[in-house]
Number of protein chains: 2
Amino acid sequence: MSKVQPLSAADLAEQLATVPGWTVRNGKLHRSFQFPDFVAAFGFMSQVALLAEAADHHPEWFNVYGTVEIDLVTHAADNQISQRDLALAAQIDKLLDA
Amino acid sequence: MSKVQPLSAADLAEQLATVPGWTVRNGKLHRSFQFPDFVAAFGFMSQVALLAEAADHHPEWFNVYGTVEIDLVTHAADNQISQRDLALAAQIDKLLDA
């Protein structure tokens, strides 16, 4: 995979404002989601999986029952946060508006 | 949910032998799975999700690309390992034989 530029600190700070709920944790773009039960949580994960595969950009994620924790980082940007992470975060957030 | 008995140390050691590949890590029944890509990994997770929901027994799990890490523990057994964890582990292993 070709190299991707990580976002500069200024660009990252600016773009974080466009995806409320996401923070930077351990150098990764992070958000925690709560659903009423496993069926709802895994339904959401299935939606995210389709978006991720289509974007060829995949999350690091954890689930237990109704909790889904997502971390986004770009391997092709030396495991730093890139535009690709912000784009996927925005797509994920749109799922919740539906 | 009604209480579930955790397995005794002797029963756990004996039953672990029936699910090769699973170990006890941080007090949980643990196995790591490797798939060639995200499509294969998430396909496996979808199968596990259906089994878990049918059993009303849900994993703690992590995925990144082709890696799936599963931890099983029983909340109703004071977060210890019970027969329910061994049963789900055996069901998960059967998926890989198919």
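Residues numbered from 1 in each chain as written. Chains lettered and ligands numbered in written order. Predicted model: local features only at pLDDT ≥ 70, side-chain atom pairs only at ≥ 80, totals over all residues. Heavy atoms only, no water.

Draft legend 1. Representation of the relation of the copies chain A and chain B. Once turned by 180° and shifted 0.0 Å along the axis, chain A lies on chain B with an RMSD of 0.0 Å. On this basis, the relationship between the two copies can be described by a two-fold rotation axis. The C-alpha atom lying nearest the rotation axis in chain A is that of Phe62(A); the distance is 2.1 Å. Looking at chain A, 100% of its interface residues are interface residues in chain B too, so the copies touch through the same face. (Least-squares fit on C-alpha atoms with pLDDT ≥ 70 in both. Contact = heavy atoms within 4.5 Å.)

Draft legend 2. How the structure looks around the sheet that holds strand β3 (residues 60–64) of chain B. Strand order in the open sheet formed by eight strands is β1(A)-β2(A)-β4(A)-β3(A)-β3(B)-β4(B)-β2(B)-β1(B), with antiparallel pairing between adjacent strands. Strands with a single pairing partner mark the edges of an open sheet, and in this sheet they are β1 (23–25) of chain A together with β1 (23–25) of chain B. For this sheet, the mean inter-axis angle between neighbouring strands, taken without regard to orientation, is 30°. Where β1(B) and strand β2 (residues 28–34) of chain B come together, three bridges link them in antiparallel fashion. Across the sheet, the residue bridging to Arg25(B) is Lys28(B), located in β2(B). Docked against the sheet, helix α2 (residues 38–55) of chain B engages β3 (60–64) of chain A together with β2, β3 and β4 (67–72) of chain B, running at close to 165° with respect to β3(B). (Pairing = 2+ DSSP bridges. Helix = DSSP H or I, 4+ residues; strand = E, 2+ residues; numbered from the N terminus. Axes fitted to C-alpha atoms, helices over the stretch in contact; angles between N-to-C directions.)

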